[in-house]
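Topology and contacts: notes
Chain by chain, the residues run as shown.
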Amino acid sequence: MEDHSHRESEALSASLRSFRSDVSNSLNQLSPNSKPAFEFLSLTWIQQCLELLSTLNKAFAKLAVEIEYPINKWESPSVEKYLNYSLKLLEFLNSISSSLSHLGQSRVSISHALSLVESSPQSAIERLGAIQFKNLQSNDLKVEEKEESEEANCYTGKQLVFHEALEETKRIGYWVSSGFPVSPLVALDLSFSETVAEEKAVPKQLREVKEAAACLVAAVGDGESGGAAKQLERKLEVMEELLDRIGKEADGIFSEVLAGRNELLDVLRQLKQ
């Protein structure tokens, strides 16, 4: 009996270590290392943040299956925490979609301005000067964390492993969706977090498009717009490709989270019948 209990304990510990390893590997990809904060903030980094959320959700679901802890076994506090967390995550993903829609309108305006460079340079200048980019961060999401109840300290076995994984999932998920990339889980220095938290912090590729647009405006004024227009087109193509990737990633995670949330709600309804 003791031998069986020991093997079960080892298996549970192994599942938790595997979960943490999967998440840690993704977290390490977000570390700025020696790059300046201003250069590190980019659409690629935002895409990696979303990929981290996807990895996190998959790792959490994998752990629940491995330790054989189905939804109908979850305690009420865990159910409440997961429902609150998943709702915040869906709100965050909706805000990303809204920002992408705004950026989509901006890139259409830039493309239109480019088409006017030869035929109506003054109109092109006016349209380029009016371009505004909305940041992809979502700093307006407020997360209300409740203090841990004494019940959490009484968890053992599967309950304890599940509880710890859920808490880590929430903590990292809230970190990503808060829009402030500073966490004890990642070695990000203060200057980096301050740069990203600034309202004017704009991802690298968006800055490059804005700078290329400014160069084109100056070039049009000098009557030499050819090279500057091509440069803006290239920068715009890079931005478009990355925004499309971010959109697909966000849509995929939204579907995953919504499906998991609906599954939990379905089980709760069945248990109440």
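Above this text is the structure in question.
The residue count restarts for each chain, going from 1 along the sequence in the order it is written. With pLDDT at 70 or above as the cut-off, local features in this predicted model cover only qualifying residues; side-chain atom pairs require 80 or more to be listed or tallied, and sums for whole chains, interfaces and linings still use all residues. Excluding hydrogens and water, the side-chain figures rest on all heavy atoms present in the structure.

1. What about the overall build of the chain?
The following threshold applies: Runs of H or I in DSSP of at least four residues are treated as helices and runs of E of at least two as strands, each being numbered from the N terminus. In what follows, a contact means two residues having at least one pair of non-hydrogen atoms within 4.5 Å. Each accessible area is a Shrake-Rupley result for a 1.4 Å probe, and residues are judged covered by the shown protein chains and nothing else.
Looking only at helices and strands, the chain has nine helices and zero strands in total. Along the chain, helices and strands appear, N-terminal first, in the series α-α-α-α-α-α-α-α-α. Here the contacts in the chain between residues at least 6 apart in sequence split such that 82% fall between residues at least 24 apart. In the structure as shown, the chain presents an accessible area of about 15,000 Å², 50% of it carried by carbon and sulfur atoms.

2. What about the packing of aromatic side chains?
The test is simple: For Phe, Tyr and Trp, where Trp contributes only its six-membered ring, two rings pair if their centres lie within 6.5 Å, and the inter-plane angle classes them as stacked under 30 degrees, edge-to-face over 60, or tilted in between. Only protein chains enter the accessibility calculation, which uses a 1.4 Å probe; a residue is then buried when its area is under 20% of its type maximum, exposed when over 50%, and partly exposed in between.
According to the stated counting rule, one finds seven aromatic pairs in the structure shown. A ring pair is formed by tryptophan 74 and phenylalanine 162, whose centres lie 4.7 Å apart and whose planes are at 50 degrees; its orientation type is tilted. Of this pair, tryptophan 74 sits in the loop between helix 3 (43-66) and helix 4 (76-116) while phenylalanine 162 is found in helix 6 (residues 157-178), placing the two residues 88 residues apart along the sequence. Phenylalanine 162 matches tryptophan 74 in its accessibility class, with the two residues each being buried.

3. Description of the pattern of salt bridges
Filter applied, for reference: Just to be clear on terms, a salt bridge is a Lys or Arg side-chain nitrogen sitting within 4 Å of an Asp or Glu carboxyl oxygen.
Counted by the stated rule, this structure contains 10 salt bridges. Notably, a salt bridge pairs arginine 20 with glutamate 168, separated by 2.7 Å at the nearest N-O pair. With arginine 20 in helix 1 (residues 2-28) and glutamate 168 in helix 6, this residue pair connects regions lying 148 residues apart in the sequence. With relative accessibility at 35%, the residue arginine 20 sits in the partly exposed group. A salt bridge links aspartate 244 to arginine 107, with the nearest nitrogen and oxygen atoms 3.3 Å apart. Separated by 137 residues along the polypeptide, aspartate 244 in helix 9 (residues 226-272) and arginine 107 in helix 4 bring together distant segments of the chain. According to the relative accessible area criterion, aspartate 244 is partly exposed, its value standing at 39%. Residues joined in a network through salt bridges with shared partners are Arg20, Glu164 and Glu168.

4. Points about the packing of helix 4 against helix 5 (residues 121-129)
Test applied: To get an axis, a line is fitted to the C-alpha atoms, and for a helix only the part in contact is used. The angle between two axes follows their N-to-C directions and goes from 0 to 180 degrees. Relative orientations are named as follows: roughly parallel for angles under 35 degrees, roughly antiparallel for angles over 145 degrees, roughly perpendicular for angles from 65 to 115 degrees, and oblique for any other angle. Left-handed describes a crossing whose near helix is turned anticlockwise from the far helix through less than a right angle; right-handed describes the clockwise counterpart. Note on residue classes: Ala, Val, Leu, Ile, Met, Phe, Trp, Tyr, Cys and Pro are nonpolar, Asp, Glu, Lys and Arg are charged, and everything else, Gly too, is polar.
Put simply, helix 4 and helix 5 touch, their axes get as near as 8 Å, and they point 160 degrees apart. Relative to helix 5, the element helix 4 lies roughly antiparallel. Remark: the crossing between helix 4 and helix 5 carries left-handed chirality. Residues Ile110, His112, Ala113 and Leu116 of helix 4 lie in contact with helix 5, whose contacting residues are Pro121, Ser123, Ala124, Arg127 and Leu128. Looking at the contact of helix 4 with helix 5, its residues break down into six nonpolar, two polar and one charged.

5. Here's the deal with the nonpolar core
Inside soluble globular proteins, nonpolar side chains tend to come together where they are buried. Spelled out, the test is: Buried Ala, Val, Leu, Ile, Met, Phe, Trp, Tyr and Cys residues that are joined via side-chain atoms within 4.5 Å together make up what is termed a nonpolar core.
Ranked by size, the top nonpolar core spans 71 residues in total, and within it Phe19, Trp74, Leu216 and Leu232 carry the most contacts. Breaking this core down by element, the ones donating at least two residues are helix 1, helix 3, helix 4, helix 5, helix 6, helix 8 (204-222) and helix 9. Among the elements that line this core, the one with the most residues is helix 4, at 15 residues. For leucine 216, the residues in contact, after removing those within four places along its chain, are Leu114, Val117, Leu128, Ser225, Ala228, Ala229 and Leu232.

6. Regarding the side chain of arginine 107
The cut-off we apply is this: Here a polar contact means two N or O atoms within 3.5 Å. Within protein one must be a hydrogen donor candidate and the other an acceptor candidate, and residues neighboring in sequence count only if both atoms are side-chain atoms.
Accessibility expressed as a relative area gives 18% for arginine 107, which makes it buried. Here the side chain of arginine 107 touches glutamate 240 through a polar contact of 3.4 Å, landing on its backbone oxygen. Setting aside residues up to four positions removed in sequence, arginine 107 forms contacts with Leu236, Met239, Glu240, Leu243 and Asp244.

By themselves these figures say nothing about function.
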